[in-house]
Amino acid sequence: MSKPTPNIPPERPNESPSNKQDGTVEERVDTTLPDAQPVVDEVEDTSATPATNVSLISGNSKPRQYKVNNPSFFMQRGYQVLLVLGLIAAFFLVMVYQTLFGRIEQPQQMVTIEPGQTYYGLLPQWQQQIPLFSAGVAKLYIKSQVDAPLHAGTYQLPENPTIAEALQILGQGAKAAMVKVQIIEGKTSKDLYQALRDNDKIEKEVLTADSDNASIAQALDLTGVLPDSVTNSSDPIVNYNLEGWFAPDTYYYGEGTSDKKVLTDLYKRQQQVLTDAWENRAPNLPYKSPYEALVMASIIEKETSVADERPLVSAVFRNRLNKNMRMQTDPTIIYGMGSRYDGNIRRKDINEKTSYNTYQIDGLPPTPIALPSAASIEATLHPADSEALYFVATGNGGHKFTNSLAEHNQAVKDYLSVMREKKSQTPPQ
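Each value, and the rule that gives it
Residues numbered from 1 in each chain as written. Predicted model: local features only at pLDDT ≥ 70, side-chain atom pairs only at ≥ 80, totals over all residues. Heavy atoms only, no water. Helix = DSSP H or I, 4+ residues; strand = E, 2+ residues; numbered from the N terminus. Buried < 20%, exposed > 50% of the residue type's maximum accessible area, 1.4 Å probe, protein only. Contact = heavy atoms within 4.5 Å. Areas by Shrake-Rupley, 256 points an atom, 1.4 Å probe, with all protein chains shown as cover. Axes fitted to C-alpha atoms, helices over the stretch in contact; angles between N-to-C directions. Parallel < 35°, antiparallel > 145°, perpendicular 65-115°, else oblique. Left-handed = near helix turned anticlockwise from the far one by under 90°. Nonpolar A, V, L, I, M, F, W, Y, C, P; charged D, E, K, R; others polar. pLDDT = per-residue confidence, 0-100. Core = buried A, V, L, I, M, F, W, Y, C linked by side-chain atoms within 4.5 Å. Patch = residues over 30% accessible without salt bridge, like charges linked within 9 Å, V, L, I, M, F, W, Y side chains within 5 Å. Salt bridge = Lys/Arg side-chain N within 4 Å of Asp/Glu carboxyl O. Phe/Tyr/Trp six-rings, centres within 6.5 Å; stacked < 30°, edge-to-face > 60°. Lys NZ or Arg CZ within 6 Å of the ring centre and 35° of its normal. Lys, Arg positive; Asp, Glu negative; His and termini not counted.

Asks: Just to check I follow, could you spell out the overall build of the protein for this structure?
Replies: The number of helices and strands found in the protein is 15 helices and six strands. Counting only residues that meet the buried cut, the protein has 36% of its 429 residues in that class. Look at the contacts in the protein between residues 6 or more apart in sequence, and 69% of them connect residues 24 or more apart. In the form shown here, the protein has an accessible surface area of approximately 26,200 Å², with 52% of it arising from carbon and sulfur atoms.

Structure representation (structure tokens):
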């Protein structure tokens, strides 16, 4: 046996004698083998020995494993979870804030609550107007903050209110007894004034015993909405007449509300409806101002109660005005007669020239002749695509629209025939 040869490291992996320059064994210190043992056997020829595996050198027969349970791994996952939870919480807080304190973009306006309406029924409209609005959050808020049902009435909402502000205002309805004020489409301002005078739960501030058109317009500060031809007219029916300016509908007010507030609210609503419709009107209409459109809307309101006919009636009057034809509409005769009207129109009434009789005057009458609905205002500014110039009642509901005078005369004969037949079938009283 040969003597031990100290500090002779084993050959490196894949190192064979053929890779050496000579046959000598170089002395090297392999730092990867700190616990290397002296070689006690003779140096054997390793030329036939396969390449040494790294695992044999490292002293570990298993592949290296990377730890996954170290603290930094779990800290990173924890931060990610906290970040996600934080984002969810932030979104929820923004949603709650937007629901309760996000502002509805709208001008100051009245809101009429009908009997039977609920707070929950108002949520879909608010949901469309407020980004990130949550109906669930709103319902929880209503359940926790509102302890009385929604009362019918007319409420004044401020400009750009939040839902919290709106609910606070609407909640005040439970504290007051409500008074119903009903104005039907087609009624006149005179009818409105009388209804308020007769309501003993409405305080009289404007409609006093000696009030007239001029005093009412001045008390409401509405003289500026009337044309000079109205304020300067010598005709007592025309002078300062606010006809048409009050929106017909059913309203509810607290007991003791003044007639001035009621009339002012109804005026503001009608003005808003007219302004919106005028701004979106169809082209090539014969109306020079919103007021002229209001006059036409009142005539349409009186001519038909059939909703589908309003655009057609509007088209007839548009066509006649564009051709410089007189409008020849019976409701204008009646309005011009005032208190003299007894339910019948006679030949002498048709031939009488008043400020309103469109059989005798050109163009529009000086003021509206009734309180028009929003539907009639819309029809005025969006007439049907029709060339009709005439219409007459059928006797069975609705009207017959025709393009020529000959067709119109035949339609009149048909109407008279229907009426005679109905009269013959009516049993004697």
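Asks: It is not clear to me how the pairing of strand β4 (residues 250-254) should be interpreted in this structure. Could you clarify?
Replies: Both faces of the sheet carry side chains from a regular strand, because those side chains alternate between them. Burial runs high along β4: five of the five residues are buried. Burial along β4 is two-sided: the residues Thr250, Tyr252 and Gly254 and Tyr251 and Tyr253 are all buried.

Asks: What exactly am I supposed to notice about the environment of Ala135 here?
Replies: Here Ala135 lies in helix α4 (residues 135-145). Between the alpha carbons of Ala135 and Pro124 there is a distance of 7.9 Å; along the sequence they are 11 residues apart.

Asks: Even after reading the chapter, I still don't get the packing of helix α6 (residues 189-198) against helix α9 (residues 259-279), so can you show me in this structure?
Replies: In helix packing, the relevant descriptors are the interaxial angle and the interaxial distance, both defined with respect to the helix axes. As a packed pair, α6 and α9 sit with axes 11 Å apart at the nearest point and diverge in direction by 150°. As far as their axial angle goes, α9 and α6 are roughly antiparallel. Where α6 crosses over α9, the two elements pack in a sense that is right-handed. Here Leu192, Tyr193 and Leu196 of α6 come into contact with α9, specifically with Asp259, Val262, Leu263 and Leu266. For the contact of α6 with α9, the class distribution of residues is six nonpolar, no polar and one charged.

Asks: Could you clarify how one ought to interpret the confidence of the model for the protein in this entry?
Replies: Caution is warranted with low-pLDDT regions, since their predicted coordinates should not be read in detail. Per-residue confidence for the protein gives a mean pLDDT of 82; residues scoring 70 or more make up 80%. Low pLDDT (under 50) marks residues 1-5, which in the prediction has five contacts with non-local residues, meaning those over four places away or in another chain.

Asks: It is not clear to me how the nonpolar core should be interpreted in this structure. Could you clarify?
Replies: Proteins that are soluble and globular tend to have nonpolar side chains buried together. Residues Leu242 and Phe246 are the most contacted members of the largest nonpolar core, which totals 56 residues. Sorting the residues of this core by element identifies β3 (178-182), α6, α7 (213-219), β4, α9, α10 (290-303), α11 (310-322) and α14 (374-381) as the ones contributing at least two each. In this view, Phe246 contacts Ser189, Leu192, Tyr193, Leu220, Leu263, Leu266, Tyr267, Gln270 and Leu371; residues no more than four positions away in its chain are not counted. Of all hydrophobic cores here, the second largest spans 19 residues; its members include Ile104, Leu157, Ala166 and Leu167.

Asks: How do you make sense of a nonpolar patch on the surface when you look at a structure like this?
Replies: Nonpolar side chains collect at one region of the surface, where Tyr79, Val81, Leu82, Val84, Leu85 and Ile88 lie side by side and expose about 620 Å² of accessible area between them. Among the structural elements, Val84 can be located in helix α2 (residues 71-101).

Asks: What am I meant to see in the packing of aromatic side chains here?
Replies: Each aromatic ring pair is described using two quantities: the centre-to-centre distance and the angle formed by the ring planes. Counted under the stated rule, the structure contains six aromatic pairs. Both rings, one in Tyr193 and one in Phe246, keep their centres 6.2 Å apart while their planes meet at 75°; by these two values the pair is edge-to-face. You can see Tyr193 sitting in helix α6 and its partner Phe246 sitting in the loop between α8 (228-231) and β4, a full 53 residues away along the chain. In this structure Tyr193 comes out as buried when scored by relative accessible area, which is 6%. The buried category is assigned to Phe246, whose relative accessible area is 0%. Through pairs of rings, three or more aromatic residues link up here, namely Trp245, Tyr267 and Tyr291. When the ring centre of Tyr120 is taken as reference, the NZ or CZ atom of Lys139 above it lies at 5.8 Å. Directly above the ring of Trp278 sits Arg281, whose terminal nitrogen or CZ lies 3.9 Å from the centroid.

Asks: It is not clear to me how the pattern of salt bridges should be interpreted in this structure. Could you clarify?
Replies: Oppositely charged side chains are able to pair whenever their charged atoms sit close together. One pass over the full model with this rule turns up eight salt bridges. Across the pair Lys261 and Asp265 runs a salt bridge whose closest N-O atoms are separated by 3.3 Å. Residue Lys261 and its partner Asp265 are both found in helix α9; the two are separated by four residues, about one turn of the helix. Given the relative accessible area of 4%, Asp265 is considered buried. With its nearest N and O atoms 3.1 Å apart, the salt bridge here joins Glu352 to Arg340. Of the two residues, Glu352 sits in the loop between α13 (347-351) and α14 while Arg340 sits in the loop between α12 (330-337) and α13, which places them 12 residues apart along the sequence. Residue Glu352 is classed as partly exposed on the basis of its relative accessible area of 27%. According to the relative accessible area criterion, Arg340 is partly exposed, its value standing at 46%.

Asks: What am I meant to see in the side chain of His408 here?
Replies: Its place among the elements puts His408 in helix α15 (residues 405-425). Setting aside residues up to four positions removed in sequence, His408 forms contacts with Tyr390, Phe391, Val392 and Thr402.

Asks: Quick question: what am I supposed to make of the side chain of Arg320 here?
Replies: Topologically, Arg320 is positioned in helix α11. The side chain of Arg320 is buried and forms no salt bridge, while Glu303, the nearest opposite charge, is found at 9.5 Å.

Asks: Can you walk me through α14 in this structure?
Replies: All of the buried residues in α14 are Ser376, Ile377, Ala379, Thr380 and Leu381. Looking at the packing, one finds that the buried side of α14 touches α9, α10 and α11.

Asks: Got a minute to help me understand the environment of Gln106 in this structure?
Replies: Tracing the backbone through its elements, the reader meets Gln106 in the loop between α2 and β1 (109-113). It is 8.7 Å that separates the C-alpha atoms of Gln106 and Pro158, two residues lying 52 residues apart in sequence. Non-local contacts of Gln106, meaning those with residues more than four positions away in its chain, are made with Gln129, Leu157, Glu159, Asn160 and Pro161.

Asks: How should I be thinking about the environment of Gln328 in this particular structure?
Replies: Assignment of secondary structure puts Gln328 in the loop between α11 and α12. Between the alpha carbons of Gln328 and Asp362 there is a distance of 9.4 Å; along the sequence they are 34 residues apart. If we ignore the near neighbours within four places in the chain, the residues touching Gln328 are Arg320, Thr358 and Tyr359.

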